[in-house]
Amino acid sequence: MPYVSIRSSKPIAEDKMERLQKGIGDIISIIPGKDSERCMIQILGDVKTYMGGKPKNATFCEVRLFGEAPAEAKKEFSGELNKLMTAELGEIETFFINIQQYFEWGIGEMYIGG
């Protein structure tokens, strides 16, 4: 189950949130074995963000994956995510994408991993 969390200093209207979650659901399949049906997406807008002690127009995307994904797939996904975010939110001064791979994962009371 991929988990994608977006936190942006920009306010995000409901229609944009809907397009973002659909777009993320579409592009998550770039990563082998991942699909929109099992992808959890969290989108937060108007998040107070600071860098160097000053307010910053920034968006941070965190992607958590169970298992290892090929570097090329992560690179392609990141590029498509950047395009989607720019299309929906406009110019973002600072945009970060963090992809984390986990080999241990839990779903409810069930534990998966080594």
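The structure under discussion appears in the preceding block.
Novice: I keep staring at the pattern of salt bridges and nothing clicks. Help me out?
Specialist: Opposite charge on two side chains makes pairing possible when the charged atoms of those side chains draw close. Within the structure shown, the criterion is met by 9 salt bridges. In this structure, glutamate 88 engages arginine 19 in a salt bridge whose closest nitrogen and oxygen atoms are separated by 2.9 Å. On the criterion of sequence distance, the pair formed by glutamate 88 in helix α2 (residues 71-89) and arginine 19 in helix α1 (residues 14-27) is long-range, its members being 69 residues apart. Overall, glutamate 88 belongs to the buried group, its relative accessible area being 11%. Since its relative accessible area comes to 38%, arginine 19 is described here as partly exposed. When salt bridges that share partners are traced, they join Arg7, Glu62 and Arg64 into one network.

Novice: For this particular structure, what's the right way to read the pairing of strand β2 (residues 40-44)?
Specialist: Note on strand geometry: in a regular strand, side chains alternate between the two faces of the sheet. Pairing geometry for strand β1 (residues 3-8) and β2, over 5 bridges, is parallel. Opposite tyrosine 3, over in β2, you have methionine 40 as the bridge partner. Chirality of the crossover, the property in question, places the unit of β1, α1 and β2 among those that are right-handed.

Novice: I keep staring at the nonpolar core and nothing clicks. Help me out?
Specialist: Within soluble globular proteins, side chains that are nonpolar tend to cluster in buried spots. In terms of nonpolar packing, the biggest core is built from 20 residues, with Val4, Ile6, Leu20, Phe77, Leu81 and Met85 touching the most fellow members. No other element matches the 5 residues that α2 contributes to this core. Setting aside its immediate chain neighbours within four residues, phenylalanine 77 contacts Ile27, Ile28, Ile30, Ile31, Val63 and Ile99.

Novice: Help me out: how do you make sense of the side chain of serine 9 in this one?
Specialist: Within the element layout of this structure, serine 9 appears in the loop between β1 and α1. Looking at serine 9, its side chain comes within polar contact range of the main-chain oxygen of lysine 56, at 3.3 Å. Not counting residues up to four positions away in its chain, the partners in contact with serine 9 are Asp46, Val47, Thr49, Lys56, Asn57 and Ala58.

Novice: Please explain the sheet that holds β2 as it appears in this structure.
Specialist: What holds strands together in a sheet is hydrogen bonding between their backbones, with the strands either parallel or antiparallel. Sheet architecture is open: 4 strands sit in the order β2-β1-β5-β6, paired in mixed fashion. Each end of this open sheet is capped by a strand with a single partner; those strands are β2 and β6 (94-102). Averaged over all neighbouring strand pairs, the angle between strand axes comes to 10 degrees, with direction disregarded. Bridge count between strand β5 (residues 58-66) and β6: 9 bridges; the pairing is parallel.

So, how was this worked out
In this numbering scheme, every chain counts its residues from 1 along its sequence in written order. Totals for whole chains, interfaces and linings use all residues, but because this is a predicted model, local features are given only for residues with pLDDT of at least 70 and pairs of side-chain atoms are given and counted only at 80 or more. The basis for the side-chain values is all heavy atoms of the structure; hydrogens and waters are excluded. Here a salt bridge means any side-chain nitrogen of Lys or Arg lying within 4 Å of a carboxyl oxygen belonging to Asp or Glu. Secondary structure follows DSSP: runs of H or I at least 4 residues long count as helices, runs of E at least 2 residues long count as strands, and numbering of each begins at the N terminus. Think of it in three bands: residues with accessible area under 20% of the maximum for their type are buried, residues over 50% are exposed, and the middle band is partly exposed, with areas taken using a 1.4 Å probe on protein chains only. Pairing between two strands requires that DSSP report at least two bridges joining them. Whether a crossover is right-handed comes down to one check: with the strands pointing away from the viewer, does the path from the first strand over the helix to the second run clockwise; if it does, it is right-handed. Here, nonpolar core means buried Ala, Val, Leu, Ile, Met, Phe, Trp, Tyr and Cys residues that are tied together by side-chain atoms lying within 4.5 Å of each other. Two residues qualify as a contact provided that any one of their heavy atoms is within 4.5 Å of a heavy atom in the partner residue. Between N or O atoms, a polar contact is any pair within 3.5 Å; within protein, one atom must be a potential hydrogen donor and the other a potential acceptor, and residues adjacent in sequence are included only when both atoms are from side chains. Helix axes are fitted only over the stretch in contact, all axes being lines through C-alpha atoms; the angle between N-to-C directions runs from 0 to 180 degrees.

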